[in-house]
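Structural overview
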Amino acid sequence: MRILQENQIDFIDPSELLRPEPTFAEKSISKFRDYSIDEKDPLKERVRQTYRLMHLNQTVDFVKGRHERWLKFNTMRATVRQALEKLNDLIDESDPDIDLPNIVHAFQAAERAREEYPELDWLHLTALIHDLGKIMAFYDEPQWCVVGDTFPVGCEWGDSIVYRKDSFEGNPDGQNPLYNTKYGMYEPNCGVDNLMMSWGHDEYMYQVLKHNKTKLPDMACKIIRFHSFYPWHNGGDYQHLAQPEDEETKKWVLIFNRYDLYTKSAKVPDIEALWPYYQGLIDKYLPGELEF
């Protein structure tokens, strides 16, 4: 077995970790991420409207403005636990699979990662904090620029983006020749690390981790940055912008995706009983107050 070194942390070659479809999911795999349109279903319509606002408003200029707003890291100071506990009051309006507070999803994902790979404690913590950037919703950010799938701005939109057909109508970047072509403002095979992603919790939490000099491995940060980039890691789009090295990132994101997606259920973990273990990981990799 090949062992990789990163930030003095051993982790296993992802090709040796990939497993068949999860057997722990509480419903058929095909029933997850159901973005069919049904205007009479309040949940489906809420999801569709969230994506419509996202696709209308996520432009290059908008993302640059969000960077200016949020990457000063002067919104709040909080420990990881304090930030996570804020997610008790957040229900993700883009998610068709779960209608529970986001902290429940965090522990569902983390516990499944811990069960399957007990030796990869950094992966357990990555699962716990992957959605922590959603705290932006408590500071006057509408959910359409906090939650949901992500995609690069500044180039044509991928075919596999949910609600792709009509949802981008009216987005000004679609009429801008600098941004509406296959490559747009990017060079061929520039690498996913060099893309300007639509603004949301993924990009924000990635930047928070880097700003606060996390001891998590760089791959953990990449998992968080790209875990909602479904058009790439799941839909097969944007390969013309990727580099060969990005395949390893994709493998790790797909490993993580098992816990992010298929653990969603009505079962609520005993969060208080689990805190001591996860607090130990927080103290190891991301201690003290963070600047958000």
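Residues numbered from 1 in each chain as written. Predicted model: local features only at pLDDT ≥ 70, side-chain atom pairs only at ≥ 80, totals over all residues. Heavy atoms only, no water.

The name given to the protein chain in an unreviewed UniProt entry is Inositol oxygenase, with the source organism recorded as Musca domestica. Recorded in UniProt under Catalytic activity (unreviewed entry), the annotation for the protein chain is "myo-inositol + O2 = D-glucuronate + H2O + H(+)". The record held by UniProt for the protein chain lists under Sequence similarities (unreviewed entry) the comment "Belongs to the myo-inositol oxygenase family." (UniProt positions renumbered as here; feature names shortened; annotations may be inferred.)

**Comments concerning the overall build of the protein chain**
For the protein chain, the helix and strand inventory stands at eleven helices and four strands. Burial statistics for the protein chain: of 292 residues in total, 56% are counted as buried. Partitioning the contacts of the protein chain with sequence separation of at least 6, the portion at a separation of at least 24 is 79%. Accessible surface computed for the protein chain: about 12,800 Å², of which carbon and sulfur atoms make up 48%. (Helix = DSSP H or I, 4+ residues; strand = E, 2+ residues; numbered from the N terminus. Buried < 20%, exposed > 50% of the residue type's maximum accessible area, 1.4 Å probe, protein only. Contact = heavy atoms within 4.5 Å. Areas by Shrake-Rupley, 256 points an atom, 1.4 Å probe, with all protein chains shown as cover.)

**Some details on the pattern of salt bridges**
Applying the stated criterion across every chain, the model contains 17 salt bridges. Close ionic contact of Glu85 with Arg81 constitutes a salt bridge, the shortest N to O distance being 2.9 Å. Taken together, the positions of Glu85 and Arg81, both in helix H3 (residues 80-86) and four residues apart, correspond to about one turn of that helix. On the basis of relative accessibility, which here comes to 29%, the residue Glu85 falls in the partly exposed class. (Salt bridge = Lys/Arg side-chain N within 4 Å of Asp/Glu carboxyl O.)

**A few points about the side chain of Lys44**
By the element assignment, Lys44 lies in helix H1 (residues 42-57). Among residues more than four places away in sequence, those in contact with Lys44 are Asp34, Ser36, Asp38 and Tyr163.

**Re the UniProt feature "binding site: substrate" (unreviewed entry) in the protein chain**
Mapped onto this numbering, the UniProt entry annotates "binding site: substrate" (unreviewed entry) at Arg33, Asp92, Glu93, Ser94, Lys134, Gly148, Asp149, His227 and Ser228. Position of Gly148 among the secondary structure elements: in the loop between helix H5 (121-129) and helix H6 (164-167). You can call Gly148 buried: its relative accessible area is 7%. With respect to the element layout, His227 can be found in the loop between helix H8 (218-226) and helix H9 (230-233). Of the residues examined, His227 reaches a relative accessible area of 2% and is grouped as buried. Apart from the residues within four sequence positions on either side, His227 is in contact with His130, Asp131, His201, Asp202, His233, Val253, Phe256 and Asp260. There is a polar contact of 3.3 Å between the side chain of His227 and the side chain of His201. (Polar contact = N/O pair within 3.5 Å; in protein donor to acceptor, adjacent residues only side chain to side chain.)

**Digging into the UniProt feature "binding site: Fe cation" (unreviewed entry) in the protein chain**
Residues annotated by UniProt as "binding site: Fe cation" (unreviewed entry) correspond here to His105, His130, Asp131, His201, His227 and Asp260. At a separation of 3.3 Å, a polar atom in the side chain of His227 contacts the side chain of Asp131.

**Looking at unusual backbone geometry**
Negative phi values dominate among residues other than glycine, just as trans dominates among peptide bonds. Its identity is not glycine, yet Asp140 carries a phi of approximately 70°, on the positive side. Relative to the assigned elements, Asp140 resides in the loop between H5 and H6. For Asp140, a relative accessible area of 77% translates into the label exposed. Despite not being glycine, Tyr238 shows a phi value in the positive range, around 70°. For Tyr238, the position within the fold is in the loop between H9 and helix H10 (246-261).

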